[in-house]
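# Coordinates in review
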Amino acid sequence: MKTGIHHLYIPGPTNVPEAVRRAMMVPAQDHRAPDFPELTLGIFSDLKRVFGMGAGEVMLFPGSGTGAWEAAITNTLSPGDRVVMARHGHFSALWAKMAERLGLVVDLIEAPWGAPCPVHEIARRLGADRKGEIKAVFVTHNETATGVTSDIRAVRQAMDACFHDALLFVDAVSSLGSIPFQMEAWGVDLAVAGSQKGLMCPAGMGILAVSEKALLAAKTARSHRAYFAFEDMLAMGRDGYFPYTPPVPLLHGLRASLDRLFDEGLEAVFARHRRLAEGVRLAVRAWGQEIVAEHRGCQSDTVTAIRVHPDVDARQIIRIAHERYNAAFGAGLGPLAGRAFRIGHIGDLNEGMCLTALGLAELAMAEAGLRVEFGAGVAAAQMHFAMQRPALRMAEPKKAMPAAFRIAAE
Ligand SMILES: *Cc1c(COP(=O)(O)O)cnc(C)c1O
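Below you will find a few notes about this structure. (Residues numbered from 1 in each chain as written. Predicted model: local features only at pLDDT ≥ 70, side-chain atom pairs only at ≥ 80, totals over all residues. Heavy atoms only, no water.)

### A word on the nonpolar core
Inclusion rule: The set of buried Ala, Val, Leu, Ile, Met, Phe, Trp, Tyr and Cys residues whose side-chain atoms join them within 4.5 Å is what this entry labels a nonpolar core. Working definition: with a 1.4 Å probe on protein chains only, accessible area under 20% of the residue-type maximum means buried, over 50% means exposed, and in between means partly exposed. Runs of H or I in DSSP of at least four residues are treated as helices and runs of E of at least two as strands, each being numbered from the N terminus. The split of the chain into domains comes from an automatic or database domain assignment.
Of all hydrophobic cores here, the largest spans 92 residues; its most connected members are F51, L60, V137, F138, F181, L208 and F230. Element by element, the count of residues in this core is highest for helix 9 (residues 248-264), at eight residues. If you count residues domain by domain, this core takes at least three from each of domain 1 (18-262) and domain 2 (265-409). Formed by 36 residues, the second largest nonpolar core is a distinct cluster that contains L276, A283, I291 and A314.

### Comments concerning the site of the ligand
Under the convention used in this document: Nearness is judged by heavy atoms alone; a residue qualifies as near a molecule or strand once a single heavy atom is within 4 Å of it. Pairs of N or O atoms are called polar contacts if they sit within 3.5 Å, as long as, within protein, a hydrogen donor faces a hydrogen acceptor (for residues adjacent in sequence, only side-chain-to-side-chain pairs). The nonpolar class holds Ala, Val, Leu, Ile, Met, Phe, Trp, Tyr, Cys and Pro. Asp, Glu, Lys and Arg form the charged class, and all remaining residues, Gly among them, are polar.
Around the ligand, the surrounding shell consists of S64, G65, T66, W69, F91, N142, T144, D171, V173, S174, Q196 and K197. Here an oxygen atom of the ligand sits 2.5 Å away from a polar atom, N or O, in the side chain of S64. One of the backbone N or O atoms of G65 is found 2.9 Å from an oxygen atom in the ligand. Grouping the constituent residues of the shell around the ligand by class yields three nonpolar, seven polar and two charged.

### Brief notes about the sheet that holds strand 5 (residues 134-140)
Rules: Note on pairing: DSSP must find at least two bridges between two strands before they are called paired. Interaxial angles span 0 to 180 degrees and are taken between N-to-C directions of axes, which are lines fitted to C-alpha atoms, for helices over the stretch in contact. Contact between two residues is taken to exist if any of their heavy atoms lie within 4.5 Å; hydrogens are not considered.
Strand order in the open sheet formed by seven strands is 2-10-9-8-5-3-4, and the pairing between neighbours is mixed. Sheet topology places strand 2 (57-62) and strand 4 (105-110) at the edges, where each strand pairs with a single neighbour. Across the sheet, the mean angle separating the axes of adjacent strands is 20° when strand polarity is ignored. Note that strand 3 (residues 82-87) and strand 5 share four bridges and pair parallel. Note on strand 5: the bridge partner recorded for R82 is I134. Packed onto the sheet, helix 6 (residues 152-161) meets strand 5 and strand 8 (167-171) and runs at close to 165° relative to strand 8.

### Thoughts on the sheet that holds strand 13 (residues 327-331)
The mixed open sheet is built from five strands, whose spatial order is 1-13-14-12-11. The open sheet has two free edges, formed respectively by strand 1 (7-9) and strand 11 (290-291), since each of these has just one partner strand. Sheet topology note: the strand 13/strand 14 (residues 340-344) ladder contains two bridges and is antiparallel. Looking at strand 14, one finds that G330 is bridged to R342. Its contacts with the sheet place helix 12 (residues 351-368) against strand 1, strand 13 and strand 14, and it is angled at close to 90° to strand 1.

### Side note on the packing of aromatic side chains
Quick note on the threshold: Two aromatic rings, drawn from Phe, Tyr or Trp (for Trp, its six-membered ring), form a pair once their centres lie within 6.5 Å of each other, and the interplanar angle then sorts them: stacked below 30 degrees, edge-to-face above 60, tilted otherwise.
Applying the stated rule across the entire model yields 11 aromatic pairs. Consider the rings of W69 and W95, whose centres lie 5.7 Å apart with planes at 15°: the pair is stacked. Linking W69 in helix 3 (residues 65-76) with W95 in helix 4 (residues 90-101), this pair joins segments that are 26 residues apart in sequence. Exposure class is identical for W69 and W95. Each is buried. The structure contains a cluster of three or more aromatic residues connected by ring pairs, namely F61, Y227, F228 and Y244.

### Details of the layout of surface pockets
Sizing a probe to match a water molecule and rolling it over the atoms shows the empty space that remains. Stated precisely, the cut-off is as follows: In this analysis a 1.4 Å probe is tested at points of a 1 Å grid over the protein atoms alone, and where it fits but cannot get out there is a cavity; an open set with protein on both sides within 12 Å along at least five of seven lines is a pocket; lining residues have an atom within 4 Å of a point. Grid points are joined across faces, edges and corners, and a volume is the space filled by probe spheres set on the points.
In this model, the largest pocket occupies a volume close to 410 Å³. Along its surface, the largest pocket is lined by 24 residues, and H141, T149, S150, I179 and G297 are the ones closest to its centre. Elements with a minimum of two residues in the lining of the largest pocket: helix 6 and helix 10 (266-287). Here the element with the most residues in the lining of the largest pocket is helix 10; it accounts for three residues. Among the residues making up the lining of the largest pocket, the classes are represented as 10 nonpolar, nine polar and five charged. Taken domain by domain, the lining of the largest pocket gets at least three of its residues from each of domain 1 (18-262) and domain 2 (265-409).

Okay, here's the thing in structure tokens:
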């Protein structure tokens, strides 16, 4: 028997806010009713805002992020097309595998797990492509397996610098709505997202943002596509309908989650993710463990992968957290299995939830055999959260503060 709440600290699915859960409790509804577009058209235009889109279209496919990967490829590319992709984590590796399965010729760049996408190597390959055979560059904005964020703007600048005409595809599944994303300003042609990460809904929808250039490519691309055809989706979507039955309760949930994002303000949402992530990173340092992301500039604000001391199997930490503390942490994936565990800090989260995650992680790590000082990580994060509040920083009687805090505050 497990009592109390379940502590979900994985990077997706993320915690679904009460308001979103309630919004999904609707009776079945006719998705061809005259008033249905009142729900959908607003969602489409608000999602464009979250993507930072100018012209172009947003499409929602029943499915998940993986389905949206497939929709992106099959609608805009043809078998035999050359594409450049970097493999530096579980998700970039899976997308590359899918591209190969779908008949693309994948020009693969191997990068260390923990590194961001290698912009210089992408630029080099594009520069060497005199005949313009490369049709697209695929980048994973936030590698959820390693907790690494890549610089999409820099990739676009590198493409522009060699006057290359390839499309830029971005996996924004674990960044959209949590980390700044600027589809238009960064020159992204196709961005992929899902409902269950920064958008705080259950899984069930793959989301695509498609530029005008990618829409044009879809008119001549020859890959087979049926269920995921843009053409059908756009023909119905213009009027706010779907070519088949959409998950209607999920759309109501998405409406509520978008309202929450705008009520808080996107900038404030990004700042909150940054603040919480920094607290987690400081905790990891206080524990004397290693962050998988190799330098500050690429450490993700939505998930932190923690490489633990090699004497300890990281799977034990996750199992103990699950069995004894009703808490879920993310597993190490691929080569990081057993070597790392992940703390998701994405979506509907606050300081209290983060501190709970860190406190429970300390318990589970200690029980798995790691030497950690209880409270060290929690205190490091608390100190950071306190410093982020100007009122607290200026609070008078410094003497009342613990010594460590005093030093940090001065
Ligand atoms: C979760 C995730 C996916 C896969 O999404 P599903 O919804 O599980 O299909 C793809 N890419 C990244 C970066 C992810 O974090």
